[in-house]
Amino acid sequence: REVIAGKNWRNAPVCLLVLLLAIGNLIWHVHTARGQSGAFGLHFGVGVVAILLALIGGRITPSFTRNWLAKNSKQQINTSFSAIDKLAISMLIVAIVMWVFLPLHTATGVALLLASLLHFVRLSRWQGWRTLSEPMVFILHVGYCWLATAIALLGVSVLAPVFLPAATALHALTAGAMGVMTLAVMTRATRGHTGRALTSDSATLLIFWLINLGALARASAIFWPIPYPTAVMIAGLIWGSAFAVFSIVYGRYLLAPKIGGK
């Protein structure tokens, strides 16, 4: 409704992806209710979110980077949607479809690795290292790096499952890419819409550290020299703490009147 009312056809693909996410969710519930493996529905839904991150993350990350560089009188970057962007997104869609329907095929692993390489190339064009002094911008690059890394890990887990368990790659995508990018956008959107400066304070930095440490801990939990359930619990506490801090600190911002008027 919002896309049609605003004639914002650029965001029409997002509507399709949200619909596909709902379908993946439904498939998972139907399969598990029948006592079947929910792997297909899980891969379907998670794959859709990965594509969504590539589309939206690939739009806002270079845009906000360009704005920050301009505000600080620094040399600009080329943020135009180029052939490498189209190729990276197209290859990711192909690789995700293969991962959903042919999760164990060698060609799927190769496609995922190629998609990862293209997204690393895409990420490098945005020169995120130049925004290190402003974590509010730099975290977007970190989140996108998680996405490219997770895709690579998925590829390795397909080609060498003995070397790298599939769960490690999956958690790099969910706890890592999804978790980090979600909080990166939530913190920025909250500060912007409540009239606060788009810069990181100590609480925001703590959120960013916790979400990344928690994701790293969860993805590597299986390799810890302690019982796996204990490692998962520790990782979960760290990861969940990031959202707890956000709720406490940013919840006050959202409930309070906007700074500077309407």
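That block above? That's the structure.
Rules used in this analysis
- Residues numbered from 1 in each chain as written.
- Predicted model: local features only at pLDDT ≥ 70, side-chain atom pairs only at ≥ 80, totals over all residues.
- Heavy atoms only, no water.
- Core = buried A, V, L, I, M, F, W, Y, C linked by side-chain atoms within 4.5 Å.
- Buried < 20%, exposed > 50% of the residue type's maximum accessible area, 1.4 Å probe, protein only.
- Helix = DSSP H or I, 4+ residues; strand = E, 2+ residues; numbered from the N terminus.
- Contact = heavy atoms within 4.5 Å.
- Axes fitted to C-alpha atoms, helices over the stretch in contact; angles between N-to-C directions.
- Parallel < 35°, antiparallel > 145°, perpendicular 65-115°, else oblique.
- Nonpolar A, V, L, I, M, F, W, Y, C, P; charged D, E, K, R; others polar.
- Phe/Tyr/Trp six-rings, centres within 6.5 Å; stacked < 30°, edge-to-face > 60°.
- Salt bridge = Lys/Arg side-chain N within 4 Å of Asp/Glu carboxyl O.
- 1 Å grid on protein atoms, 1.4 Å probe; cavity = no way out; pocket = protein on both sides within 12 Å on 5 of 7 lines; lining within 4 Å.
- Points joined across faces, edges and corners; volume = space filled by probe spheres on them.

Chemist: For this particular structure, what's the right way to read the nonpolar core?
Modeler: One recurring pattern in soluble globular proteins is that nonpolar side chains are buried together. Formed by 64 residues in total, the largest nonpolar core has its most connected members in Trp 99, Leu 147, Leu 173 and Ile 207. Broken down by secondary-structure element, the contributors of at least two residues to this core are α2 (12-33), α3 (39-71), α4 (83-101), α5 (106-125), α6 (135-159), α7 (166-193), α8 (202-219) and α9 (228-255). Ignoring anything within four residues of it in the chain, the contact list for Ile 207 reads Leu 183, Thr 187, Ala 242, Val 245, Phe 246 and Tyr 250.

Chemist: Can you walk me through the side chain of His 141 in this structure?
Modeler: Within the element layout of this structure, His 141 appears in helix α6. Apart from residues no more than four positions distant in its own chain, His 141 is found in contact with Thr 61, Thr 65, Leu 123, Trp 126, Gln 127, Gly 128 and Thr 131.

Chemist: What exactly am I supposed to notice about the packing of α3 against α4 here?
Modeler: Between α3 and α4, the least distance of the axes is 9 Å, while the angle of their chain directions is 175°. The pairing of α3 with α4 is recorded here as roughly antiparallel in orientation. The segment α3 lies against α4, with Phe 40, His 43, Phe 44, Val 46, Gly 47, Ala 50, Ile 51, Ala 54 and Leu 55 engaging Ile 89, Leu 92, Ile 93, Ile 96, Trp 99, Val 100 and Phe 101. Broken down by class, the residue content of the contact of α3 with α4 amounts to 14 nonpolar, two polar and no charged.

Chemist: Even after reading the chapter, I still don't get the packing of aromatic side chains, so can you show me in this structure?
Modeler: Each aromatic ring pair is described using two quantities: the centre-to-centre distance and the angle formed by the ring planes. Taken as a whole and assessed by the stated rule, the structure comprises six aromatic pairs. Where Phe 40 meets Phe 101, the ring centres are 5.4 Å apart and the plane angle is 70°; that geometry is what we call edge-to-face. Of this pair, Phe 40 sits in helix α3 while Phe 101 sits in helix α4, placing them 61 residues apart in sequence. You can call Phe 40 partly exposed: its relative accessible area is 27%. Since its relative accessible area comes to 52%, Phe 101 is described here as exposed. Ring centres of Trp 126 and Tyr 144 lie 5.0 Å apart, and the angle between their planes is 75°; on these two criteria the pair is classed as edge-to-face. Separated by 18 residues along the polypeptide, Trp 126 in the loop between α5 and α6 and Tyr 144 in helix α6 bring together distant segments of the chain.

Chemist: Got a minute to help me understand the pattern of salt bridges in this structure?
Modeler: Pairing is possible between side chains of opposite charge, provided their charged atoms come close. Enumeration according to the criterion identifies four salt bridges in this entry. The closest approach of N and O atoms between Asp 85 and Arg 122, which form a salt bridge, is 2.6 Å. Pair noted here: Asp 85 is in helix α4 and Arg 122 is in helix α5, with a separation of 37 residues, a long-range link. This pair shows no difference in class: Asp 85 is buried, exactly as Arg 122 is. Of the charged contacts, one joins Asp 201 and Arg 191 as a salt bridge, the two residues approaching to 3.4 Å between their closest N and O atoms. Remark: Arg 191 occurs in helix α7 and Asp 201 occurs in the loop between α7 and α8; sequence separation between them is 10 residues. For Asp 201, a relative accessible area of 24% corresponds to the partly exposed category. Residue Arg 191 is classed as buried on the basis of its relative accessible area of 7%. Each member of the salt-bridge network shares a partner with another, and the members are Asp 85, Arg 122 and Arg 125.

Chemist: Just to check I follow, could you spell out empty space enclosed by the protein for this structure?
Modeler: Sizing a probe to match a water molecule and rolling it over the atoms shows the empty space that remains. The full count for this structure, using the stated rule, is one cavity of 30 Å³ or more. When its volume is computed, the largest cavity comes out at roughly 30 Å³. For the lining of the largest cavity, the secondary-structure elements that each account for two or more residues are α7 and α8. Broken down by element, the residue count for the lining of the largest cavity peaks at three residues, all from α7. Here the lining of the largest cavity is built from residues that sort into five nonpolar, three polar and one charged.

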